[in-house]
Amino acid sequence: MNTLPQRFRLALVAVPVFALMATACGGDDSASGENGDADEAITIYSGRDQELIDPLIDMMRESTGLEIDVRYGDTAQMANQIETEGEDTNADLFIGQDAGALGFLVQEGLLAELPSEITDQVPAEYRAANGEWVGISGRSRVIAYNPENVDDVPDSVLDLTDPEWEGRVGIAPTNASFQAFVTGLRVIEGEEAAEQWLEDMVANDVQTFENNRSMLDGLETGEIDISLNNHYYWYERMKETPDEVTSELHYLPAGDAGGLVNVAGAAITANASNPEGAQTALEYLLSDEAQGYFTNETSEYPLADGVELGEGLPEVDALEQPDIDLSDLHSLDETVEMLREAGLE
């Protein structure tokens, strides 16, 4: 019996194997490599954006000497592909956009346990409890708000159902980051509380947007006064058009679900043909060079110790992350169904 969650099954049907974006077979044929087994290429399945990852892969080739092939798709698609291929998978290393897909692969028994010298580089809350994946960058949920219209910013998303906020709050319900947040809300507050919160937000005339960027547009134009988004979209705007940004950020305290810090993470597959090469690649992703790339290019939080933060970012240790095992964010199918039932499709 197929135990794939509905969301993953649907993604697999919609995007057949041959449609995967397979590219970036790089490196010199004669590359010998300074680390790992560079005589054999490694294959990375990446759920992260190709435009972001390709330059990093080039840096990885230069640094490690590895010959690397990368296949791109969305994170659920890549996780599905590894599950479908099973023992015959081509993936040595998986890079996921969020912890949920990594948790799914843990459940399916498709990841290898990582050595402690890798996992110990990252705080415990940003890696798998069983040591089978590790975060390579972090992003937090925040409240962005209009300081002209909001004097006291709520310290909990649960307060946004108050009549004071009627019609003033924006969300992007079809966006993966919002869905991961709602999954976290289900895990932290319970199924009933999460369902009630969604229903109350709809009753409070919450405004919906296609994505985080359009929601921040709505905030800047006065369409809404509060936006629930990931932090780095606001930093992206500050880099591109700083003179046009009037909104400010509020990081939620005390482990509120609205302050969830999710990760992009990586793992070596259980059936990797070149696990030594995959480990070398993973070690590189936690290097100062790669961690600096994430924080400077996308304003994400570096998760390995000793890396200088991108401009304006708070220390990740200062964020009051909810008490949650990020692997528990695997149940996105139930979240999508809950959003549908609340009328937030």
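So, how was this worked out
Residues numbered from 1 in each chain as written. Predicted model: local features only at pLDDT ≥ 70, side-chain atom pairs only at ≥ 80, totals over all residues. Heavy atoms only, no water. Helix = DSSP H or I, 4+ residues; strand = E, 2+ residues; numbered from the N terminus. Buried < 20%, exposed > 50% of the residue type's maximum accessible area, 1.4 Å probe, protein only. Contact = heavy atoms within 4.5 Å. Areas by Shrake-Rupley, 256 points an atom, 1.4 Å probe, with all protein chains shown as cover. Axes fitted to C-alpha atoms, helices over the stretch in contact; angles between N-to-C directions. Parallel < 35°, antiparallel > 145°, perpendicular 65-115°, else oblique. Left-handed = near helix turned anticlockwise from the far one by under 90°. Nonpolar A, V, L, I, M, F, W, Y, C, P; charged D, E, K, R; others polar. Polar contact = N/O pair within 3.5 Å; in protein donor to acceptor, adjacent residues only side chain to side chain. 1 Å grid on protein atoms, 1.4 Å probe; cavity = no way out; pocket = protein on both sides within 12 Å on 5 of 7 lines; lining within 4 Å. Points joined across faces, edges and corners; volume = space filled by probe spheres on them. Phe/Tyr/Trp six-rings, centres within 6.5 Å; stacked < 30°, edge-to-face > 60°.

A. Layout of the overall build of the chain. Secondary structure summary: the chain contains twelve helices and ten strands in total. Relative to its full complement of 345 residues, the chain shows a buried share of 56%. In the chain, 77% of the contacts between residues at least 6 apart in sequence involve partners at least 24 apart. Carbon together with sulfur atoms contributes 42% to the accessible area of the chain, which is approximately 14,600 Å² in total.

B. A look at the packing of helix 3 (residues 75-85) against helix 4 (residues 99-107). Interhelical geometry of helix 3 versus helix 4 gives an angle of 15° and a closest axis separation of 9 Å. As far as their axial angle goes, helix 4 and helix 3 are roughly parallel. When you trace helix 3 past helix 4, the crossing you get is right-handed. Only A101, F104 and L105 of helix 4 make contact with helix 3, whose side of the interface consists of T75, A79, I82 and E83. Split by residue class, the contact of helix 3 with helix 4 holds five nonpolar, one polar and one charged.

C. Structural context of the side chain of S247. Here S247 lies in the loop between helix 9 (231-240) and strand 9 (248-250). A distance of 2.7 Å separates polar atoms of two side chains, one belonging to S247 and the other to E220. Polar side-chain contacts of S247 include one of 3.0 Å to the side chain of W234. In contact with S247, other than residues within four places in its own chain, are Y145, P147, L219, E220 and W234.

D. Local environment of the environment of L219. Here L219 shows up in helix 8 (residues 212-220). Of the residues examined, L219 reaches a relative accessible area of 2% and is grouped as buried. Sequence separation of L219 and G170 is 49 residues, and the distance between their C-alpha atoms is 8.2 Å. If sequence neighbours within four positions are ignored, L219 has contacts with A144, Y145, N146, I224, D225, I226, S227 and S247.

E. Just empty space enclosed by the protein, in detail. Summed over all chains, the structure comprises one cavity of 30 Å³ or more. Here the largest cavity defines a volume of roughly 50 Å³. As for the largest cavity, its lining consists of R141, V142, I143, V157, F181, L228, N229, L252 and G258. Sorting the residues of the lining of the largest cavity by element identifies strand 5 (134-145) and strand 8 (226-230) as the ones contributing at least two each. Ranked by residues supplied to the lining of the largest cavity, first place goes to strand 5 with three residues.

F. A look at the side chain of N262. Locating N262 in the fold gives a position in strand 10 (residues 261-268). At 3.3 Å, the side chain of N262 forms a polar contact with the backbone nitrogen of A99. When sequence neighbours within four positions are dropped, the list of residues in contact with N262 reads D98, A99, S137, G138, R139, A180, L326 and L329.

G. Representation of the packing of aromatic side chains within the structure. All chains considered together, the criterion is met by five aromatic pairs. Ring centres 5.7 Å apart and planes at 85° place the aromatic pair F181 and W197 in the edge-to-face group. Of the two residues, F181 sits in helix 6 (residues 176-189) while W197 sits in helix 7 (residues 191-203), which places them 16 residues apart along the sequence. As far as the burial class goes, F181 and W197 line up, both buried. Each residue in the set F178, F181 and W197 is aromatic and connected to the rest through ring pairs, giving one cluster.

H. Structural view of unusual backbone geometry. The residue D205 is not glycine, and still its phi comes out positive at about 60°. You can see D205 is positioned in the loop between helix 7 and strand 7 (207-208). Residue D205 is classed as partly exposed on the basis of its relative accessible area of 39%. Unlike most non-glycine residues, S299 shows phi in positive territory, near 60°. In this structure, S299 sits in the loop between helix 11 (288-298) and helix 12 (332-341).

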